[in-house]
Every structure is written in structure tokens, then in C-alpha cells.
Amino acid sequence: MKRSLEERLQEGPVIAGEGYLFELERRGYLQAGSFVPEVALENPEALKQAYRDYMNAGSDVVLAFTYNAHREKMRIIGKEELLEPLNRNAIRLAKEVAQEHPTEEALVAGNISNTNLFDPEDPESKEQVRTMFAEMVKWCKEEGVDYVNGETFYYHEEAQIALEEIRKQDLPAVITLGLMGENIMRDGCTVEESCKQLSEQGALVVGMNCFRGPDTMQPYLAKIRDNVDGYVGGLPIPYRTTEDHPTFFNLPDGGCSCHLPLETTFPTALDPLYHNRYELAEWAKEAKDIGVNYIGLCCGASPAMLRAVAEAAGVETINSKYSPDMEKHFLFGKDETLKDHNLNYRQKA
Ligand SMILES: [Zn+2]
């Protein structure tokens, strides 16, 4: 028996692992820059392992990795013919992994996202975006996903088009917004006003994902929570963003000792700017306390970080048996059989 997303939300927080783009780039299977998820066709086992790692770290959902796998992106790289097989395969692999869950089959979500094509001044672009979403959501429907996550929208209207196309296929929608550094949606409305409208228009979950770390996302999640009656989601990136640098796009690294070939630390030199898992866990606790229902991490997340977040939200994960326990560590442990000559040396180690 597999509960729906809505049933799970009614019972408590739902954990959602995202961030496949960065994770598969880090593992060596995806090119930074164009960021197209060809891994679903070229290295399906690598994608399945990443799906599995996030599920085992607490994700209730296996999110099909079709971020950026839309017609326009595939056209730019000259591989439009791979568009449909790529989308379908990413979902099929997600379903295979979801069925491996030992206690309750994981949810499977389809994924559409910011197209970077949408232009509020250009009506033609809006129709193009709608057509792209419609075909991807149709494949989601045919492949039997449990819901569709429309994510990382920085235009309210683009998010609205995504929601409309998901609802046309009668699928539940999770819509999350990516808020850029100006702290306002690029078509001018606040993130809480956008979420309020999307929720009223039928999105099951509304909220934010990506671009921002917990410190610069949480204040907006609180505003969304105050303005929305339905379920709210929050999936920050695990980096130490600040008021001066609220997103990871322009996050400086004062300690870098070399010339960065890509000019910015985004997207391949952010490593020293990570939050540790305990800071992320603190955020997750706070998010849960204010009533965020759909909790996860986005680009940059590792399985160990996601597990810490899930556990802080009160969820025991498949891999919680591997959560840190220093009891038997030779320097820092407490076990009675450990050697004093090592334990007493810990300050000098
Ligand atoms: Zn992200």
C-alpha cells in the first residue's frame, strides 16, 4: 500500500531530495554549463544510484531528473530527437528505484522547471513555454508519476503556466519558486503573493527551492507560511548565503588561493562555502516548527546532509543506522575499552 503525497502531508512532514544536477556533475557524469541531464540515457546506472542514495537518505520521493530536459535546451545542444526518450527514461528509472524502498514504495514525481526562455514582454515565448510544459507533463502522465514538481521559477507567470499544464493532466502539483537576489519575482510580485495565488489556483504545495541557502530563504518561507492556507515547501541550497549575497550566483570566497576559470564560485567552486549538516538540521527543525510541510535540499546537497535534515524533521531514514556515532572513536569516543593513552592525546591530535 502506497500513500499519496497528500495523505503523507496530512500525517507529517514529507522529505524531498533534489539537487541531481550538482550531484551528478560532482560525481563526474554531467557537464557544468549547459547542464543537460543526458545521464538518464548515457549512464542510467549512475542516475539510479543517485536516486537510491537520496531515497536511502530520507527522501519520500524519487524526483525524475528531467530538470532542463525541455525542447529548447535539447535544441541548443542539437539533440532534440533525444527529448522524449530522455524524459521517459528518467521517469522509468525513478520508478524502478522507488520500488526498492523496503517499507513503503517511494513516491515518483515528474519534473518541469524554469525554461530561461520565458519573457514577460514576449507573448510568443509564453506559448512556447506552455507547449514545452504540456508535452513533458503528458509524458509524466503516461509514465504514471504520482505528481509533478514544477520548480525554480523566477517569474510568477511562468510558474502559473506550469501549474495550469499540470492541472490539465489531472496531476497534483508542487510548485516551488527560485527567488533571485533582488528578493522579488522578476515580474514584480512578492514571493508570498505568488505562492498565495498558486495555492488558491490548485497547487497542492507551494514554496521555494534553490538559489538560496537556509539563512536567506527562511525569512521568505515564514512570509509564505503566513500568507498561504495550504501546504508549504522549502528546499534551500546547502550554502552559506548572506544578506549581501542572498543567492549562490554571486557568492564570494575570500579564501580562494587560485584564479577561478569560471569567474564566479558558482557553479563549480562553491565547496568551501558549504553549511555543515548540523546547521542544515537546525534550519530543518525551524522550518518544521513554523509549519513547513515539504522539506528538502536542492543543488549541492549530499545524502548525509539530506539525512540530517530528515532526522531533524523527525523522520528515521533507511540509512539512519549509519548516522554519526563517535562512541567507539579512538580519540573522541566514550567506550570503556578505549585506550587512555589515545583519549588523553585528543587535544594534540
Ligand atoms: Zn537547485
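These figures come from a predicted structure and were not determined experimentally.

**Q** Just to check I follow, could you spell out helix 10 (residues 214–227) for this structure?
**A** At 3.6 residues per turn, the α-helix brings residues three or four places apart onto the same side. For helix 10, with 14 residues, the first-to-last C-alpha span of 19 Å sits near the 20 Å given by 1.5 Å per residue. Buried-residue contacts for helix 10 involve helix 9 (191–200), strand 6 (205–209), strand 7 (231–235) and helix 11 (277–289).

**Q** How should the UniProt feature "binding site: Zn(2+)" (unreviewed entry) in the protein be read in this particular structure?
**A** Those places that UniProt annotates as "binding site: Zn(2+)" (unreviewed entry) correspond, in this numbering, to Cys210, Cys298 and Cys299. A maximum C-alpha distance of 6.4 Å among these annotated residues, which run over 90 residues, shows that they cluster at one spot. Along the polypeptide, cysteine 210 turns up in the loop between strand 6 and helix 10. Take cysteine 210: there are 27 C-beta atoms within 10 Å of it, and that puts it in the buried class. Among the secondary structure elements, cysteine 299 is positioned in the loop between strand 8 (294–297) and helix 12 (303–312). With residues near it in sequence (within four places) discarded, cysteine 299 still touches Gly19, Leu21, Phe22, Cys210 and Ile237.

**Q** So what exactly am I meant to see when it comes to the nonpolar core here?
**A** Here is a general trend for soluble globular proteins: nonpolar side chains tend to be buried in one another's company. Residues Val62, Ala94, Val108 and Val309 are the most contacted members of the largest nonpolar core, which totals 108 residues. A total of 8 residues in this core trace back to one element, the largest contributor, which is helix 6 (residues 83–98). In this view, valine 108 contacts Val62, Ala64, Ile91, Ala94, Lys95, Ala98, Val145 and Asp146; residues no more than four positions away in its chain are not counted.

**Q** How do you make sense of the domain arrangement of the protein when you look at a structure like this?
**A** Interfaces are frequently sized by the accessible area removed from exposure as the parts join. Each domain of the protein was delimited in the assignment, giving domain 1 (5–318) and domain 2 (325–349). Each of domain 1 and domain 2 has a C-alpha centre, and these two points are 41 Å apart.

**Q** Sorry if this is basic, but what is going on with the UniProt feature "domain: Hcy-binding" (unreviewed entry) in the protein here?
**A** Residues annotated in UniProt with the feature "domain: Hcy-binding" (unreviewed entry) correspond here to residues 2–313. End C-alpha to end C-alpha, residues 2–313 measures 21 Å, and it is 43% helix and 13% strand.

**Q** Explain the pairing of strand 1 (residues 14–17) here, please?
**A** Residues Val14 and Ala16 line one face of strand 1 and the alternating positions Ile15 and Gly17 line the opposite face, and both faces are buried. Judged from the 4 bridges that link them, strand 1 and strand 8 form a sheet pairing that is parallel. Paired with isoleucine 15 across the bridge in strand 8 is isoleucine 295.

**Q** Sorry, what's going on with the environment of aspartate 289 here?
**A** Within the element layout of this structure, aspartate 289 appears in helix 11. Spatially, the C-alpha atoms of aspartate 289 and glutamine 347 are 37 Å apart, while their sequence positions differ by 58 residues.

**Q** Whenever I open this one, the environment of aspartate 335 confuses me. Can you help?
**A** As for its position among the elements, aspartate 335 is in the loop between helix 12 and helix 13 (340–343). Note on aspartate 335: 11 C-beta atoms within 10 Å, which makes it exposed. When sequence neighbours within four positions are dropped, the list of residues in contact with aspartate 335 reads Glu327 and Lys328.

**Q** Any chance you could explain helix 7 (residues 123–143) here in plain terms?
**A** The end-to-end C-alpha distance of helix 7, which contains 21 residues, comes to 31 Å, matching closely the 30 Å that a straight helix rising 1.5 Å per residue would cover. Every buried residue of helix 7 is accounted for by Val129, Met132, Phe133, Met136, Val137, Trp139 and Cys140. Down the axis of helix 7, the smallest arc covering the buried residues is 150°, so these residues share one side. Every exposed residue of helix 7 that faces more than 90 degrees away from the buried side is listed here: Pro123, Glu124, Glu127 and Glu142. The inward-facing, buried residues of helix 7 contact helix 5 (71–76), helix 6, strand 3 (107–113), strand 4 (147–153) and helix 8 (156–168). Backbone geometry just after helix 7 places glycine 144 at a positive phi near 80°.

Each value, and the rule that gives it
Residues numbered from 1 in each chain as written. Predicted model: local features only at pLDDT ≥ 70, side-chain atom pairs only at ≥ 80, totals over all residues. Helix = DSSP H or I, 4+ residues; strand = E, 2+ residues; numbered from the N terminus. Expected span 1.5 Å × (residues − 1). Contact = placed C-beta atoms within 7 Å. UniProt positions renumbered as here; feature names shortened; annotations may be inferred. Buried ≥ 20, exposed ≤ 12 C-beta atoms within 10 Å, placed from the backbone. Core = buried A, V, L, I, M, F, W, Y, C linked by C-beta atoms within 7 Å. Domains from an automatic or database assignment. Pairing = 2+ DSSP bridges. Arc of directions from axis to C-beta.

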